[in-house]
Amino acid sequence: MNLDDDDPPPPDAAAALHLIREQRVATARRLEPDARLLYWPWGVAWLVGFGLFFLRFAPDGRVLVRLPDWLPVTALFGLLVAAAAVQAVASARAYGQLSGDSARRGRWYGCAWALGSVSVFAVLGRVVDHLPHDQAALLWSATAVGLAGALHMAGGAIWLDRDLFRLGVWISVINVAGTFAGPGWHALVLAVAGGGGILVVGAISSLRQRRRS
């Protein structure tokens, strides 16, 4: 419901309060992106991408499904790029109207993701050539996922978003557990517990959005 200059004033206080609530809900819908678009593309990317890694590079050098060596990493990076694009479009549509401190926090947080990822990949690129293939793959994935977990917790602290912070804690915990389990198992943990956890958080956040509306 929109207020125009020609609209009559609310007849009583109860109608005025109802009108204010409707306006708040409408504003929240415009400024808050759909949680499913923020979480589910990443959950699918982790579930499918790391799942392919586990099937091709299983523990103890086993091969559960005969896949080309390049397919798991190509699929994972392609799905991650697609998820980032979906999130960027959804966030731009919702937050593009914001300015001031909120917009500045979003830009700086995005810079933290970009520069942090570039730094990690630059350092690891100088190290992994000296490691066996399975250990190099574990180092790549564990370090990148560790960064993701830390930045999720940072984002939750910045915006006081419990779901985002708890997801960061969950990602960090399963990353440590998968790392100790070793190559192959780490990919399985990230696919099932990581991708599944992101999908669950997206569903919970979406339900909360609907309840608020």
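Calculation criteria
- Residues numbered from 1 in each chain as written.
- Predicted model: local features only at pLDDT ≥ 70, side-chain atom pairs only at ≥ 80, totals over all residues.
- Heavy atoms only, no water.
- Axes fitted to C-alpha atoms, helices over the stretch in contact; angles between N-to-C directions.
- Helix = DSSP H or I, 4+ residues; strand = E, 2+ residues; numbered from the N terminus.
- Parallel < 35°, antiparallel > 145°, perpendicular 65-115°, else oblique.
- Contact = heavy atoms within 4.5 Å.
- Nonpolar A, V, L, I, M, F, W, Y, C, P; charged D, E, K, R; others polar.
- Phe/Tyr/Trp six-rings, centres within 6.5 Å; stacked < 30°, edge-to-face > 60°.
- Salt bridge = Lys/Arg side-chain N within 4 Å of Asp/Glu carboxyl O.
- Buried < 20%, exposed > 50% of the residue type's maximum accessible area, 1.4 Å probe, protein only.

What is the right way to read the packing of helix 6 (residues 162-181) against helix 7 (residues 185-212) from this model?
Helix-helix packing: each pair is described by the crossing angle between the helix axes and the interaxial distance. Packing of helix 6 against helix 7 leaves a shortest axis separation of 9 Å and a crossing angle of 170°. With respect to helix 7, the element helix 6 is oriented roughly antiparallel. In contact with Asp163, Arg166, Leu167, Trp170, Ile174, Asn175, Gly178, Thr179 and Ala181 of helix 6, helix 7 contributes Trp185, His186, Val189, Leu190, Ala193, Gly194, Gly197, Ile198, Val201, Ser205 and Arg208. Among the residues making up the contact of helix 6 with helix 7, the classes are represented as 10 nonpolar, 7 polar and 3 charged.

Please clarify how the packing of aromatic side chains should be interpreted in this entry.
What characterises a pair of aromatic rings is the spacing of the ring centres plus the angle enclosed by the ring planes. Applying the stated rule across the entire model yields 6 aromatic pairs. Taking the centre distance of 5.7 Å and the plane angle of 75° together, the rings of Trp46 and Phe50 count as edge-to-face. You can see Trp46 and its partner Phe50 sitting in helix 2 (residues 35-56), 4 residues apart, about one turn around the helix. Cluster of aromatic residues (ring-pair linked, three or more members): Tyr109, Trp113 and Trp159.

I would appreciate a short explanation of the pattern of salt bridges in the present structure.
Should their charged atoms come close, side chains of opposite charge can pair. Per the counting criterion, the structure on display carries 3 salt bridges. With a shortest N-O distance of 2.7 Å, Arg36 and Asp34 are connected by a salt bridge. Since its relative accessible area comes to 25%, Asp34 is described here as partly exposed. For the salt bridge of Arg208 with Asp163, the shortest nitrogen-to-oxygen distance reads 2.7 Å. A residue pair is termed long-range when its members are at least 10 positions apart, and Arg208 in helix 7 and Asp163 in helix 6 qualify at 45 residues. Taking relative accessible area as the criterion, Arg208 reaches 35% and is therefore assigned partly exposed.

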